[in-house]
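# What the coordinates show
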Amino acid sequence: MFYNSAFTHKANFKDGMLWEAELMTNVFPKKLDGTPETNLKSYTNSSVFSQTDSTGGNAKFLLKISTLFFHEPDIDWWIKERGATYYDINSFDIAGLYNFLKLNNHPDIELITTTGKGFDRNGNRNCHSWTIVDESYLINWILARLKAP
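This one's a predicted model, so the numbers in the text were calculated from it and none came from an experiment.

The subject of this paragraph is the overall build of the protein. Scanning the protein from terminus to terminus reveals six helices and two strands. Taking the principal axes of the C-alpha coordinates as reference, the protein spans close to 45 × 40 × 25 Å. The proportion of buried residues among the 149 residues of the protein is 36%. When the 15 positive and 17 negative side-chain charges of the protein are each reduced to one mean point, those points stand 5 Å apart.

This part is about the confidence of the model for the protein. Note: predicted coordinates in regions of low pLDDT should not be interpreted at a detailed level. Per-residue pLDDT for the protein averages 91, and the proportion of residues at 70 or more is 98%. Model confidence for the protein, summarised as mean pLDDT per element, is weakest for helix 1 (residues 2-9) at 81 and strongest for strand 2 (residues 109-113) at 97.

Turning our eyes to something else, we now look at the side chain of Thr25. For Thr25, the position within the fold is in helix 2 (residues 15-31). There is a polar contact of 2.9 Å between the side chain of Thr25 and the backbone oxygen of Ala21. Engagement of the side chain of Thr25 in a polar contact is seen with the backbone oxygen of Glu22, the distance being 3.2 Å. When neighbours within four sequence positions are excluded, Thr25 is seen to be in contact with Tyr3, Ala6, Phe7 and Lys10.

On to the layout of surface pockets, then. To locate leftover empty space, one rolls a probe as large as a water molecule over the atoms. Its volume calculated, the second largest pocket comes out at about 280 Å³. Surrounding the second largest pocket, 14 residues form its lining, Phe70, His71, His128, Ser129 and Ile132 being those nearest its centre. Taken together, the elements giving at least two residues each to the lining of the second largest pocket come down to strand 1 (67-71) and helix 5 (90-103). Ranked by the residues each element gives to the lining of the second largest pocket, the list is headed by helix 5, at three residues. Of the residues contributing to the lining of the second largest pocket, the split by class is eight nonpolar, five polar and one charged.

Turning our eyes to something else, we now look at a nonpolar patch on the surface. Nonpolar side chains collect at one region of the surface, where Ile139, Ile142, Leu143 and Leu146 lie side by side and expose about 380 Å² of accessible area between them. Inspection of the secondary structure assignment puts Leu146 in helix 6 (residues 135-147).

Once that is clear, we can look at the pattern of salt bridges. Inspection of the entire model under this criterion finds six salt bridges. Between Lys10 and Glu22 there is a salt bridge, and its shortest N-O distance comes to 3.7 Å. Taken together, the residues span a long stretch of sequence, with Lys10 in the loop between helix 1 and helix 2 and Glu22 in helix 2 at a distance of 12 residues. In this structure Lys10 comes out as partly exposed when scored by relative accessible area, which is 22%. Judged by its relative accessible area of 34%, Glu22 falls in the partly exposed class. When the shortest N-O distance is used, the salt bridge between Arg125 and Asp74 registers 2.6 Å. Within this pair, whereas Arg125 is found in the loop between strand 2 and helix 6, its partner Asp74 is found in the loop between strand 1 and helix 4 (75-82), the two being separated by 51 residues in sequence. Using a relative accessible area of 26% as the deciding quantity, one classes Arg125 as partly exposed. Taking relative accessible area as the criterion, Asp74 reaches 19% and is therefore assigned buried.

All right, on to the nonpolar core then. Counting 15 residues, the largest nonpolar core has Phe2, Phe13, Met17, Trp78, Ala84 and Ile89 as the members making the most contacts within it. At the level of elements, helix 1, helix 2 and helix 4 are the ones that each hand at least two residues to this core. Membership of the second largest hydrophobic core comes to eight residues, among which are Phe49, Ile94, Phe100 and Leu101.

Thresholds applied
- Residues numbered from 1 in each chain as written.
- Predicted model: local features only at pLDDT ≥ 70, side-chain atom pairs only at ≥ 80, totals over all residues.
- Heavy atoms only, no water.
- Helix = DSSP H or I, 4+ residues; strand = E, 2+ residues; numbered from the N terminus.
- Buried < 20%, exposed > 50% of the residue type's maximum accessible area, 1.4 Å probe, protein only.
- Lys, Arg positive; Asp, Glu negative; His and termini not counted.
- Charge placed at Lys NZ, Arg CZ, Asp CG, Glu CD.
- pLDDT = per-residue confidence, 0-100.
- Polar contact = N/O pair within 3.5 Å; in protein donor to acceptor, adjacent residues only side chain to side chain.
- Contact = heavy atoms within 4.5 Å.
- 1 Å grid on protein atoms, 1.4 Å probe; cavity = no way out; pocket = protein on both sides within 12 Å on 5 of 7 lines; lining within 4 Å.
- Points joined across faces, edges and corners; volume = space filled by probe spheres on them.
- Nonpolar A, V, L, I, M, F, W, Y, C, P; charged D, E, K, R; others polar.
- Patch = residues over 30% accessible without salt bridge, like charges linked within 9 Å, V, L, I, M, F, W, Y side chains within 5 Å.
- Areas by Shrake-Rupley, 256 points an atom, 1.4 Å probe, with all protein chains shown as cover.
- Salt bridge = Lys/Arg side-chain N within 4 Å of Asp/Glu carboxyl O.
- Core = buried A, V, L, I, M, F, W, Y, C linked by side-chain atoms within 4.5 Å.

Here it is, written out as structure tokens:
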């Protein structure tokens, strides 16, 4: 859970990762009436997926929805640029969510893991950028589902 990693690893975080951790550790306890230790139910109810819940938490609501994930878990970039580990980034949760849905017979799910495609609008490396998405593939994927009976 990123909330927990924010406390454990915040001293190592840099730039956007540090900003997000600071925001989360200050805002979440106020909005969710406590911490995961004092109000786990509120955090589970607010999460798309819960690795610690055998039912997947809210992931069950995705079991009949066509789902396509794009992600680029460039751990070298995350360590160097953000001071983060796999545990700290959403790739860990994306893989867990994808696997949970596959194991529960999701009929239309896909995970696309890219390498070397993430760059910001100034051309700087950022694996957390929308440039990891193959736009033509995504549009065709959406159109195919719009045409489906």
